[in-house]
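Summary of the model geometry
Now for the letters of each chain:
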Amino acid sequence: MMTPATVTLSPEDIARFGADPAGAFVANRTAVQERIAAACRRCGRDPDDVRLLPVTKTVPAHVLRLAFSAGIASFGENKLQEARDKSAALADLPVRWSIIGHLQTNKVKYLVRLASEFHALDSLRLAEELNRRLDAVGQDLDVFVQVNTSGEDSKYGLHPDALTPFVERLPDYPRLKPRGLMTLAIFSADVERVRDCFRLLRALRDRAASMHPGLTGLSMGMSGDYETAIEEGASVVRVGQAILGARPTSDAHYWPGLA
Ligand SMILES: *Cc1c(COP(=O)(O)O)cnc(C)c1O
């Protein structure tokens, strides 16, 4: 039996998350899970085949402690430095950290220490450095290869044409366990343009999986588009704001180049 966390909330915390953040997060997560199940029913999929990864960027560590005590135990973080600070503050908890954003090679050693999976593999240089650091500590790492399916300069990821040669090289990095492909769809109110990004990733996945048996997963879909992503085959949806509440920071902070 877990002891509930005792955390003092500041007025800013209460303004952002309400007086009972854990209660709000759990209710939000239940609502998202119901929408996932409904989306699965619409397209004849099993809801157990879709993993919901809560994205916790910008949510302070002491608030995440409350989330954890309410049963939310996987946290997706976009920036390594932020994940490092939070994992240090929550070192007493068995949190599962997923790094879902672009990584610089000089940060690889920190990722290896804390992350159980990485969703933004997008260069051979990074693969090389990850493999080297993992090998030094005798660990493997689940990875998703990020592809830029929207053609926007602001998005990281491999060009779709670069995927096949990239996948051919993956066996050179045996510490990396490829689990699938990842993308961020275009930010657009036009659902069909968003859907095209997910469809492209699925088609690329079909080709990649024929070359590498591990590359079956599809990490795609966020708060605004996860139902469309599920209809197009998502196996992991990365959902932040629909569970943890709206972020105060502009998304341009996370995706440089975005207006
Ligand atoms: C922030 C983020 C998400 C989640 O976005 P929400 O709008 O909060 O659901 C998903 N994937 C990546 C890579 C992110 O940085």
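Residues numbered from 1 in each chain as written. Predicted model: local features only at pLDDT ≥ 70, side-chain atom pairs only at ≥ 80, totals over all residues. Heavy atoms only, no water.

**Here's the deal with unusual backbone geometry**
Unlike most non-glycine residues, threonine 58 shows phi in positive territory, near 75°. In this structure, threonine 58 sits in the loop between β1 (51–54) and α3 (61–69). The buried category is assigned to threonine 58, whose relative accessible area is 17%. (Helix = DSSP H or I, 4+ residues; strand = E, 2+ residues; numbered from the N terminus. Buried < 20%, exposed > 50% of the residue type's maximum accessible area, 1.4 Å probe, protein only.)

**Points about the packing of aromatic side chains**
Counted by the stated rule, this structure contains two aromatic pairs. Ring geometry for phenylalanine 17 versus phenylalanine 25: centroids 5.9 Å apart, planes at 90°, classification edge-to-face. Note on phenylalanine 17: relative accessible area 7%, which makes it buried. In this arrangement the basic side chain of arginine 84 is found over the ring face of tyrosine 110, its NZ or CZ atom lying 3.6 Å from the centre. (Phe/Tyr/Trp six-rings, centres within 6.5 Å; stacked < 30°, edge-to-face > 60°. Lys NZ or Arg CZ within 6 Å of the ring centre and 35° of its normal.)

**Focus on the pairing of strand β8 (residues 236–239)**
Side chains of β8 alternate between two faces, with Val236 and Arg238 and Val237 and Val239 buried alike. Direction of pairing for β1 relative to β8: parallel, over a ladder of four bridges. Note on β8: the bridge partner recorded for arginine 51 is valine 236. (Pairing = 2+ DSSP bridges.)

**So, the UniProt feature "modified residue: N6-(pyridoxal phosphate)lysine" (unreviewed entry) in the protein chain**
The UniProt entry lists Lys57 under the feature "modified residue: N6-(pyridoxal phosphate)lysine" (unreviewed entry), expressed in the numbering used here. Assignment of secondary structure puts lysine 57 in the loop between β1 and α3. Judged by relative accessible area, which is 5%, lysine 57 ranks as buried. (UniProt positions renumbered as here; feature names shortened; annotations may be inferred.)

**Side note on the site of the ligand**
Around the ligand, a shell composed of 14 residues is seen, among which Lys57, Asn78, Ser223, Gln241 and Arg247 lie nearest. In this structure, a nitrogen atom belonging to the ligand sits 2.9 Å away from a side-chain N or O atom of arginine 238. A distance of 2.8 Å separates an oxygen atom of the ligand from a polar backbone atom of glycine 240. Against a free-state accessible area of 390 Å², the protein chains account for coverage of 97% of the ligand. Residue composition of the shell around the ligand, grouped by class: seven nonpolar, four polar and three charged. (Near = heavy atom within 4 Å. Polar contact = N/O pair within 3.5 Å; in protein donor to acceptor, adjacent residues only side chain to side chain. Areas by Shrake-Rupley, 256 points an atom, 1.4 Å probe, with all protein chains shown as cover. Nonpolar A, V, L, I, M, F, W, Y, C, P; charged D, E, K, R; others polar.)

**A look at the UniProt feature "domain: Alanine racemase N-terminal" (unreviewed entry) in the protein chain**
Per the UniProt record, "domain: Alanine racemase N-terminal" (unreviewed entry) is annotated on residues 30–248. Along residues 30–248, the helical share is 42% and the strand share 18%, with 23 Å between the first and last C-alpha atoms.

**Observations regarding helix α6 (residues 124–137)**
Compared with an ideal rise of 1.5 Å per residue, which puts 14 residues at 20 Å, α6 spans 20 Å between its outermost C-alpha atoms and is within 8% of the ideal. Within α6, the full set of buried residues consists of Leu126, Ala127, Glu129, Leu130, Asn131 and Leu134. Next to the buried residues of α6 lie α5 (108–114), β4 (115–121), β5 (141–146) and β6 (176–182). Positioned one or two residues after α6, glycine 138 has a phi angle of 70°, which is positive. (Expected span 1.5 Å × (residues − 1). Contact = heavy atoms within 4.5 Å.)

**Thoughts on α3**
Within α3, burial applies to Ala61, Val63, Leu64, Leu66, Ala67 and Phe68. On its buried face, α3 is in contact with α1 (11–17), α2 (21–42), β2 (74–77) and α4 (80–89). Count one or two residues on from α3 and you reach glycine 71, which has phi positive near 100°.

**Concerning the pattern of salt bridges**
Inspection of every chain in the model, using the stated rule, returns 21 salt bridges. One salt bridge connects glutamate 82 with lysine 86, and the closest N-O pair in it is separated by 2.8 Å. Placement of the pair is glutamate 82 and lysine 86 together in helix α4, with a separation of four residues, close to one helical turn. Side by side, glutamate 82 and lysine 86 carry an identical accessibility label, which is buried. (Salt bridge = Lys/Arg side-chain N within 4 Å of Asp/Glu carboxyl O.)

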